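# Structural characterization, general
These are the residues of each chain, in order.
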Amino acid sequence: MVIGMLVGVAVILIVMAMVVQRAVPPEADPNAATRIEQRLKPVGAVYAGATGAAAKAAAEEAARQAAASQVAFGGSTDGQTIYDGVCAACHGTGAGGAPTLDPSHWTARIAKGMDTLHTHAIEGFQGEAGLMPAKGGMPSLTDEQVIATVDWMVEQAR
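Residues numbered from 1 in each chain as written. Predicted model: local features only at pLDDT ≥ 70, side-chain atom pairs only at ≥ 80, totals over all residues. Heavy atoms only, no water.

### Re the overall build of the protein chain
When its secondary structure is counted, the protein chain shows seven helices and two strands. Along the protein chain, from the amino end to the carboxyl end, the secondary structure elements read α-α-α-α-α-α-β-β-α. A principal-axis box enclosing the C-alpha atoms of the protein chain has dimensions of 95 × 50 × 30 Å. Per-residue burial over the protein chain gives 18% buried out of 158 residues. Excluding contacts between residues fewer than 6 apart, the proportion of contacts in the protein chain whose partners are at least 24 apart in sequence is 54%. Working note: accessible area of the protein chain is about 11100 Å², and carbon and sulfur atoms make up 63% of it. Put simply, the protein chain has 10 plus and 15 minus side-chain charges, and the middle of one group is 11 Å from the middle of the other. (Helix = DSSP H or I, 4+ residues; strand = E, 2+ residues; numbered from the N terminus. Buried < 20%, exposed > 50% of the residue type's maximum accessible area, 1.4 Å probe, protein only. Contact = heavy atoms within 4.5 Å. Areas by Shrake-Rupley, 256 points an atom, 1.4 Å probe, with all protein chains shown as cover. Lys, Arg positive; Asp, Glu negative; His and termini not counted. Charge placed at Lys NZ, Arg CZ, Asp CG, Glu CD.)

The following block contains the structure:
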């Protein structure tokens, strides 16, 4: 009798599952197949021979393009654009002891050399007047973008 009740409960559960399965609409997202494919693709790959070398080069290029799309300001090295978007918040107002574009603020700094200014802007610097965060607090800037912006700021301060 107990086994009969358990079989009856199992049949009821199976029927309910079938009803629920029919009630749930299929996924309508056109990107579903792509997402599933991305989840299932292997983490690594083995490259051997000439075919492997070509595949490796293509994978490296795809990785470079993906990384470039994550660079701030689309990779632009226009110093003024980057200054207006990132640096002006502090260097435009002098907040936190940041030197403004007033030439008197830059004379001693320029005397230390451009390499020192570039290094301090890229790596960050704790000075007497305040703190310069690495890359102005925007790690998505490349070293080349930071150098171009520092050069632009020095030119404006002269």
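### Observations concerning the packing of helix 4 (residues 79–91) against helix 7 (residues 143–157)
It is at 9 Å that the axes of helix 4 and helix 7 come closest, and there the two elements cross at 75°. The orientation of helix 4 with respect to helix 7, classified from their angle, is roughly perpendicular. Between helix 4 and helix 7, the contacting residues are G79, Q80, I82, Y83, C87 and H91 on the first element and Q145, A148, T149, W152 and M153 on the second. Residues that form the contact of helix 4 with helix 7 fall into these classes: six nonpolar, five polar and no charged. (Axes fitted to C-alpha atoms, helices over the stretch in contact; angles between N-to-C directions. Parallel < 35°, antiparallel > 145°, perpendicular 65-115°, else oblique. Nonpolar A, V, L, I, M, F, W, Y, C, P; charged D, E, K, R; others polar.)

### Considering the confidence of the model for the protein chain
Summary statistics for the protein chain give a mean pLDDT of 83 and a share of 97% for residues scoring 70 or more. For the protein chain, per-element mean pLDDT is lowest for helix 3 (residues 49–68), which scores 77, and highest for helix 1 (residues 2–23), which scores 92. (pLDDT = per-residue confidence, 0-100.)

### Re the environment of F73
Residue position: F73 is located in the loop between helix 3 and helix 4. The spacing of F73 and V2 is 71 residues in sequence and 71 Å in space, taken between C-alpha atoms.

### Section: unusual backbone geometry
Apart from glycine, the bulk of residues carry a negative phi angle, and the bulk of peptide bonds sit in the trans form. Within the chain, K135 stands out as a residue other than glycine whose phi angle is a positive 55°. Position of K135 relative to the elements: it lies in the loop between strand 2 (131–132) and helix 7.

### Focus on the layout of surface pockets
Its boundaries defined by the atoms lining it, the largest pocket holds a volume of some 760 Å³. Every residue lining the largest pocket is counted, 34 residues in all, and those nearest its centre are H91, P99, R109, F125 and M132. In terms of residue count, the dominant contributor to the lining of the largest pocket is helix 4 (six residues). In terms of residue class, the lining of the largest pocket is made up of 21 nonpolar, nine polar and four charged. (1 Å grid on protein atoms, 1.4 Å probe; cavity = no way out; pocket = protein on both sides within 12 Å on 5 of 7 lines; lining within 4 Å. Points joined across faces, edges and corners; volume = space filled by probe spheres on them.)

### Comments concerning the environment of E144
Relative to the assigned elements, E144 resides in helix 7. Separated by 22 residues in the primary sequence, E144 and I122 have C-alpha atoms spaced 9.4 Å apart.

### Description of helix 4
Taking 1.5 Å of rise per residue, the 13 residues of helix 4 would be expected to cover 18 Å, yet its terminal C-alpha atoms sit only 13 Å apart, more than 12% below that figure. A bend of about 55° at G85 is the largest found in helix 4. Turning to helix 4, its buried residues number three or more, namely G79, I82, Y83, V86, C87 and H91. Along its buried surface, helix 4 packs onto helix 5 (103–111), strand 2 and helix 7. (Expected span 1.5 Å × (residues − 1). Bend = angle between axes of the 7 residues up to and from the residue.)

### Some details on the nonpolar core
If you look at the biggest cluster of nonpolar residues, it comprises 16 residues, and the most contacted ones within it are W106, V146, V150 and M153. Elements represented by at least two residues in this core include exactly helix 4, helix 6 (114–123) and helix 7. Element by element, the count of residues in this core is highest for helix 7, at six residues. Sequence-distant contacts of V150, defined by excluding residues within four places in its chain, comprise M114, L117, H118 and A121. (Core = buried A, V, L, I, M, F, W, Y, C linked by side-chain atoms within 4.5 Å.)

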